[in-house]
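Per-entry structural report
Each chain, written out:
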Amino acid sequence: MAVLRVKFTKTKRDKLAQILWILNWVSVVSGIILFSLGLFLKIEIKKRNEVMAKGDINSVPNMLISVGVIACIINFMGGKICYDCSDANKFSRWKLVMLPYIVCTFCFTFCILVGALMCYTMRNELEESLYLGLRDAIKFYKDTDIPGRCFLKKTVDMLQIGFKCCGNNGFRDWFEIQWVSARYLNMASKEVLDRLKSNVDGRFLVDGVPFSCCNPSSPRPCIQYQLTNNSAHYNYDFLTEELNIWVKGCREALLDYYTAIMRSIGIAALLIWLFELSVLIGVRYLQTAMKNVLLLGDLEGESDGWLLENSFVETAKYNISIIKNLGKANQISTVSGMNDPNIDVQNTNCGKTNVTTKSIPAAS
């Protein structure tokens, strides 16, 4: 029994073909939108790839870009098919193409759904990439005279100013690394030497942060050194007073920024998927209705259209049987009467010997 059977008249078939022709051109625009969203996300990630570790974070934008390009091509072709389907004679040219086209379009719409879901599942990979990338960027913050790293100080400073953040997880990350270059340390100073000797690794560690961590909205001048020393500043208590530096870590700030972008892209991709799915259903109805018109032979009469020719269970069983038989294409058929002549068949001795062969009668 056909699933979701609908009866179409000649007028309804023509209107359906015209509507689908328009919707396919709208789908071309939606493909351009998907391509643009993927390109935008790829550019946004590339802007800050200095503070991101290498990983699979580009899989989502690459998926959206690829799906967008395919959407433009496949929907352009779909518009041409639907336009010709208003004429039964022109439909004959696409008769054998439409079913493979519908199958390919179904796979394509599934890729859109996968791309939309990936926008919501990418958070963990992005968080790990940001954590590792920011850790290395902060670690090499002081290496302003080393090729390949000299740009990291500016990158981190601009990042902290732009996103109003400090450190990787927070401002205390700066306490654990030497972020002041040795070329700017006065080795004749007893305080500097004492700090270097007090550390096992010989690093110059201070309870201070770079200037880019300062909050310009703070009512008092920025305190960026000796943040945990109450006696070093007047009327100051680092345990109770709100610090005049950014408290949020840059990993959290960047993660919130990219999550908001991907959430918006995911919603747009889901809407486009629903739209593409509705167009695909319409094309399926048009294909089955036009196919039945040709079978009936009455081009002006009514015809049935359906989503599936058989029930879901029967369709699933049929497809599963096809998949199972794919690997048996090169096997020898065992059907009776279809034995392979190249196989040596053993002759069975039934006990009769010296059987006289009948001679062929001579022609009279």
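Residues numbered from 1 in each chain as written. Predicted model: local features only at pLDDT ≥ 70, side-chain atom pairs only at ≥ 80, totals over all residues. Heavy atoms only, no water.

An unreviewed UniProt entry lists the protein chain under the name RDS2 protein, with Haliaeetus albicilla given as the organism. Here is the UniProt Subcellular location (unreviewed entry) comment for the protein chain, exactly as written: "Membrane". (UniProt positions renumbered as here; feature names shortened; annotations may be inferred.)

Another aspect to go through is the packing of helix H1 (residues 10-47) against helix H7 (residues 250-296). Their axes nearest at 9 Å, the elements H1 and H7 cross at an angle of 155°. Accordingly, the angle class assigned to the pair H1 and H7 is roughly antiparallel. Remark: the crossing between H1 and H7 carries left-handed chirality. For the contact of H1 with H7, the residue count by class is 27 nonpolar, four polar and three charged. (Axes fitted to C-alpha atoms, helices over the stretch in contact; angles between N-to-C directions. Helix = DSSP H or I, 4+ residues; strand = E, 2+ residues; numbered from the N terminus. Parallel < 35°, antiparallel > 145°, perpendicular 65-115°, else oblique. Left-handed = near helix turned anticlockwise from the far one by under 90°. Nonpolar A, V, L, I, M, F, W, Y, C, P; charged D, E, K, R; others polar.)

Turning to the pattern of salt bridges, a few remarks are in order. A side chain of one charge can pair with a side chain of the opposite charge when the charged atoms of the two come close. Within this structure, the stated rule accounts for 11 salt bridges. Lys 248 is paired through a salt bridge with Asp 256; the nearest N and O atoms lie 3.8 Å apart. Here the salt bridges do not stand alone but share partners, grouping Glu 44, Lys 47 and Arg 48 into one network. (Salt bridge = Lys/Arg side-chain N within 4 Å of Asp/Glu carboxyl O.)

Counted according to the given criterion, the structure contains eight aromatic pairs. Ring centres 5.4 Å apart and planes at 90° place the aromatic pair Trp 25 and Phe 76 in the edge-to-face group. Of this pair, Trp 25 sits in helix H1 while Phe 76 sits in helix H2 (residues 59-84), and the two are 51 residues apart along the sequence. Since its relative accessible area comes to 38%, Trp 25 is described here as partly exposed. With 5.9 Å between their ring centres and 75° between their planes, Phe 171 and Phe 175 make a pair best called edge-to-face. Judged by its relative accessible area of 11%, Phe 171 is buried. Joined through ring pairs, the aromatic side chains of Tyr 141, Trp 174, Trp 179 and Tyr 225 make up one cluster. A cation over an aromatic ring shows up here: Arg 149 above the ring of Phe 140, its NZ or CZ 3.8 Å from the ring centre. (Phe/Tyr/Trp six-rings, centres within 6.5 Å; stacked < 30°, edge-to-face > 60°. Buried < 20%, exposed > 50% of the residue type's maximum accessible area, 1.4 Å probe, protein only. Lys NZ or Arg CZ within 6 Å of the ring centre and 35° of its normal.)

This part takes up helix H5 (residues 152-163). When the terminal C-alpha atoms of H5 are compared, their 16 Å separation across 12 residues agrees well with the 16 Å that a helix rising 1.5 Å per residue should span. Among all positions in H5, only Leu 152, Val 156, Asp 157, Leu 159, Gln 160 and Phe 163 are buried. End-on, the buried residues of H5 take up no more than an arc of 160°, which puts them together on one face. Of the residues in H5, the exposed ones pointing more than 90 degrees away from the buried face are Lys 154, Met 158 and Gly 162. Those residues of H5 that are buried are in contact with helix H4 (123-139) and H7. Once H5 finishes, Lys 164 follows within two positions and takes phi at roughly 55°, a positive value. (Expected span 1.5 Å × (residues − 1). Arc of directions from axis to C-beta. Contact = heavy atoms within 4.5 Å.)

Every α-helical turn comprises 3.6 residues, leaving residues that sit three or four positions apart pointing alike. When the terminal C-alpha atoms of H7 are compared, their 68 Å separation across 47 residues agrees well with the 69 Å that a helix rising 1.5 Å per residue should span. Of the residues one or two after H7, Gly 297 is the one with positive phi, at around 85°.

This part takes up the packing of H4 against H7. Interaxial distance between H4 and H7 falls to 10 Å at its minimum, and their mutual angle equals 145°. In this structure, H4 crosses over H7, and the sense of that crossing is right-handed. Here H4 contributes Arg 123, Leu 126, Glu 127, Leu 130, Tyr 131 and Leu 134 to the contact with H7, which in turn contributes Cys 250, Arg 251, Leu 254, Leu 255, Asp 256, Tyr 258, Thr 259 and Met 262. Looking at the contact of H4 with H7, its residues break down into nine nonpolar, one polar and four charged.

For the rest of this paragraph, the subject is unusual backbone geometry. With a phi angle near 50°, Gln 226 is a residue other than glycine that sits in the positive phi range. Along the chain, Gln 226 falls in the loop between helix H6 (190-198) and H7. A relative accessible area of 34% means that Gln 226 is categorised as partly exposed. Look at Asn 235: it is not a glycine, yet its phi comes out positive at around 50°. Mapped onto the fold, Asn 235 is located in the loop between H6 and H7. Residue classification places Asn 235 among the exposed residues on the basis of a relative accessible area of 63%.

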